Structure formats: structure tokens, C-alpha cells
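Chain residues, written in single-letter form:
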Amino acid sequence: MKTDTLKILDSAEARGLMGALYGEADVDTNVARYKDLVEKFTNEFGDKDMKMFSSPGRTEISGNHTDHNHGKVLAGSINLDCVGIGAKNGSGKVNIVSETFNQTFSIDLEDLSPSAKMAGTVDLVKGLLKGFQEKGYEVGGFDAYITSNVISAAGVSSSAAFEMLLCSMLNVFFNDSKMDVVAYAHVGKYAENYYWNKSSGLLDQMACAVGGLITIDFYDPQNPKVEQIPFDFGSKNHSLIIVNTGKGHADLSADYSSVPNEMKKVAEYFGKEVCAQVKEEDLIAHLAKAREYAGDRSVMRALHFFEENKRVEAEVAALKEDRFEDFLAGITASGNSSWKWLQNCYTTADVQEQGISVALALTELFIQEKGRGACRIHGGGFAGVIMAMLPNDLVDEYVERMEKALGEGNVYKMSIRPYGAICVDQVI
């Protein structure tokens, strides 16, 4: 009930969790944020036995476009998140208010077919509900009031954060909290694959759902190997910076789908389904025939896949062995490969639109001038955001320079949070 939930938010335990999720400096702000959401939920749906949920966006440290071909990634959950208040409603309908996107909609559990457009929030939620059913989990009617500060359509997985939030709600409300986060990720992938017609892998969903800094090996995608890496970038006096280049990537599905499809075309030449099942030396040994069969860009993207897997392994080892400069060199190498081999820094549909390339060029000039730091494209690419890892004493100057060039409010200092998609009440 409302009174009970507000009492929880005033507790020392809640403040401790808020500090872990958002940083000590933002505890009061986020307690107020949750209280505001409780009030809005009550005004919209009435005073019910409600629960609080949070699911973070994610940062991709390395492993650009490897997950969909069953490769390796290094990623982490961030301090920007999707927050929701939810409650079962005892009906056959799911009612959602998405404050951030000014949407209010209702879904009948008896009609979960996608629309002809296969796009938008309603289709995504239908896909999640259908995914639960297809994978043998329970669904039911519930109400949810949701807000998010995860940057939209910019490569930090605002959609996956939303998906994992709803998966957490459905798990708690109808599945006795028995599901694991790998199951969440597969449901999210199902929704994007079959209700958005998007050839997504599992990276975004896993990084949002698990929490912390993690490395994932997707060789067996049904049972991906997840390892948490206990490392604090703050201990190295460095900050993770995300720069929004000003153009979203919501209309670039064809570009995104081309990457896994072209890699898989190379694998197909060898009678395999994905590049993880192929050896790099075999591709090089049969390069002429592979180029003829799959095309040059496909081959280049496959070579990126093989080398990016090695970089993930090397960067994880560097973090474990406290070789931070080697880790930074790996970030730089990953970025160079994405730009030159993977070729996802701009869309060929409009070669004059190159916000990612401009932001990378400015950042590389800054790093060259200072002699410290690293940068790379972040996430799916083609548009959206880049990532920089910079010493703290350079951050303010970098932010000022980039905002002067790209506009104010487009540079974000991130931290890795230790929790993924959670029911806040259960963690407190």
C-alpha cells in the first residue's frame, strides 16, 4: 500500500540501496523520484499492494557486435535506470503508463499478436508477454507506472532496461520470483526478434539484467557463461563518459540487422550458423572463396568478430591483473576495429550524417593532445553514442569541449552499479 511503500523509502536500508544504485550524492534526489512515482501510481490506479522495481541501462566496454554470433563481451550496468511501480490487478489486462514517453495503453492478454508495423512500445510489451508464455512462464494482469532516465535510442539500451523491468515485474507477480536473469534476457530477445523484427542478440538484456561489471561468453546462448569482474574504475582515478552525438538510431534497423546477417553469411560458407563456430585461420585460408560467397564487407565484419573476442579476453585479464594501461589500449583497439573493420560508425544510407565519426574524431584529438585516455564507439553504432575513459582531472575540460561542439546536456559521466533488474522491495 502507499503508506507502507513510502515508509520503506524513508528507511536507512532504502537510503543505503539508493547510494549503491545511484551514488551517495544522488540519494535524496532518487528517494524523491521514487516517492513521486508512488504518488502518481496511486493517482492513476488507486492504493494497492504495490512494489517498486528498477532496471539499469548498460554500457558496453568491449565486444562490439559479437553477441549475436555467440561471441564474448565485457559490459556493465550503469547508474541511469528505468523505475516502475507495479501491482497485480486481478484482470486479464496489462495497463501501463510510461511517463517518459507520455504513453498510456492497455493490452488484453487474449490478444498478443503484433501489429502490422511491428514497432513501438505496445508491440514490445506484447512480445514480452508472449515470450513468457512461449517459454512456459505465467503471465497475468497488472498495472505499472514507469519512468526512465536512460538515454533513449542512443546505445545505452533504454529498450532493454524497459524490457528487463517488466520481466522483473512478471517474475515477482506471477512466477514466485523463481526465474533467473538469463531467462529474462531470452524473453527480451524473443520480443525484439519476433515483435520488432530486430535481429538482436542477448548482450543488452544480459548486461541490464545481471548488474555490475560482467564478461559474458555466448558460445552456448541458451546457457551463456557470465562472470562478474570486481573492478572499480574510480580506484584508477578514471571516469566512464558517454557522449550522445545528437541523433537517435531508432530508424536504423536495416543497418543493425545487416551486421549479424553478414557475419552469419560468412559462417554459412563453412557450413556453420554463426562465426563462433568458425576458426579465424580457416577464414584466412579460404579468403578468396569466402569473399566471393559472402562479400567483402561480410568478411571484414567476420574478421572484426574474431579479433574482438580476443580483445575481450585480453581486457578481462588486464583488469584482473591490474594492468589498467593495457586495458585502455584494448578499448582503443576495439574502437579502431569497429570503425575500420566492422564499419558501424555511420549509415551508408546517408553518408553526410556522421555524428558518431565527428564525436570520435574530436575525442581522439583531445586524447592525442593530453596523452591519456581511450575512446570507442558504443553499442550498436551507426548513430547514437560514443564512450570515453578519461582521467578525472581531464573530465571537466573534455565535457566543456564536447558540449561546445555537440550541444549542452549531451555528455554523461557514468558509474557502474552493482545491481541489475531488481524488485527494490526484495533487495531492501
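The structure reproduced in this document is the subject of the present report. Everything quoted here is computed from the prediction, not taken from an experiment.

The next point concerns the nonpolar core. In terms of nonpolar packing, the biggest core is built from 66 residues, with Leu74, Leu129, Phe142, Leu166 and Phe327 touching the most fellow members. Take this core: its biggest share by element is 12 residues, from helix α5 (residues 158-174). Sequence-distant contacts of Leu74, that is, excluding residues within four places in its chain, are made with Glu60, Ile61, Ser62, Leu213, Ile214, Thr215, Ile229, Val312, Glu315, Val316, Leu319 and Phe327. Membership of the second largest hydrophobic core comes to 22 residues, among which are Leu17, Tyr34, Val38 and Met50.

What holds strands together in a sheet is hydrogen bonding between their backbones, with the strands either parallel or antiparallel. Strand order in the open sheet formed by four strands is β9-β10-β8-β11, with antiparallel pairing between adjacent strands. On the outer flanks of this sheet lie β9 (374-378) and β11 (411-414), each paired with one strand and no other. Strand-to-strand, the axes of this sheet are offset by a mean angle of 25 degrees, without reference to chain direction. Note: strand β8 (residues 238-244) against strand β10 (residues 385-391), seven bridges, orientation antiparallel. Its bridge partner being in β10, His238 is matched across the sheet by Pro391.

What follows covers the packing of aromatic side chains. If you walk through the whole model with that rule in mind, you get 16 aromatic pairs. Ring geometry for Phe53 against Phe173: centres 5.6 Å apart, planes inclined by 80 degrees, an arrangement best described as edge-to-face. Taken together, the residues span a long stretch of sequence, with Phe53 in strand β1 (residues 51-62) and Phe173 in helix α5 at a distance of 120 residues. In this structure Phe53 comes out as buried when scored by relative accessible area, which is 0%. A residue is classified by how much of its surface remains accessible, and Phe173, at 10% relative accessible area, is buried. Plain terms: the ring middles of Phe142 and Phe174 are 6.4 Å apart, the flat faces sit at 55 degrees to each other, and that makes the pair tilted. Placement of the pair is Phe142 in strand β5 (residues 142-148) and Phe174 in helix α5, with a sequence separation of 32 residues. Comparing Phe142 with Phe174 shows no difference in burial state: the two are buried. Following the ring pairs from residue to residue traces out a cluster consisting of Phe53, Phe142, Phe173 and Phe174.

Cut-offs used in this document
Each residue is numbered by its place in its chain's sequence as written, counting from 1. At least 70 in pLDDT is required for a residue's local features to be given in this predicted model, at least 80 for side-chain atom pairs to be given and counted, and no such filter applies to totals for whole chains, interfaces and linings, which use all residues. Hydrogens and waters are ignored; side-chain quantities use all the structure's heavy atoms. For the purposes of this section, nonpolar cores are sets of buried Ala, Val, Leu, Ile, Met, Phe, Trp, Tyr and Cys residues that join through side-chain atoms within 4.5 Å. Buried residues are those whose accessible area, probed at 1.4 Å on protein chains only, stays under 20% of the maximum for their type, while exposed residues exceed 50% and partly exposed ones sit between those limits. Helix numbering and strand numbering both begin at the N terminus, where a helix is a DSSP run of H or I of at least 4 residues and a strand a DSSP run of E of at least 2. Contacts: residue pairs with any heavy atoms within 4.5 Å of one another. Two strands form a pair only when DSSP identifies at least two bridges running between them. Axes here refer to lines fitted to C-alpha atoms; in helices the fit is confined to the stretch in contact. Angles between the N-to-C directions go from 0 to 180 degrees. Here a Phe, Tyr or Trp ring, Trp counted by its six-membered ring, pairs with any other such ring whose centre lies within 6.5 Å, and the pair is stacked when the planes are under 30 degrees apart, edge-to-face when over 60, and tilted otherwise.

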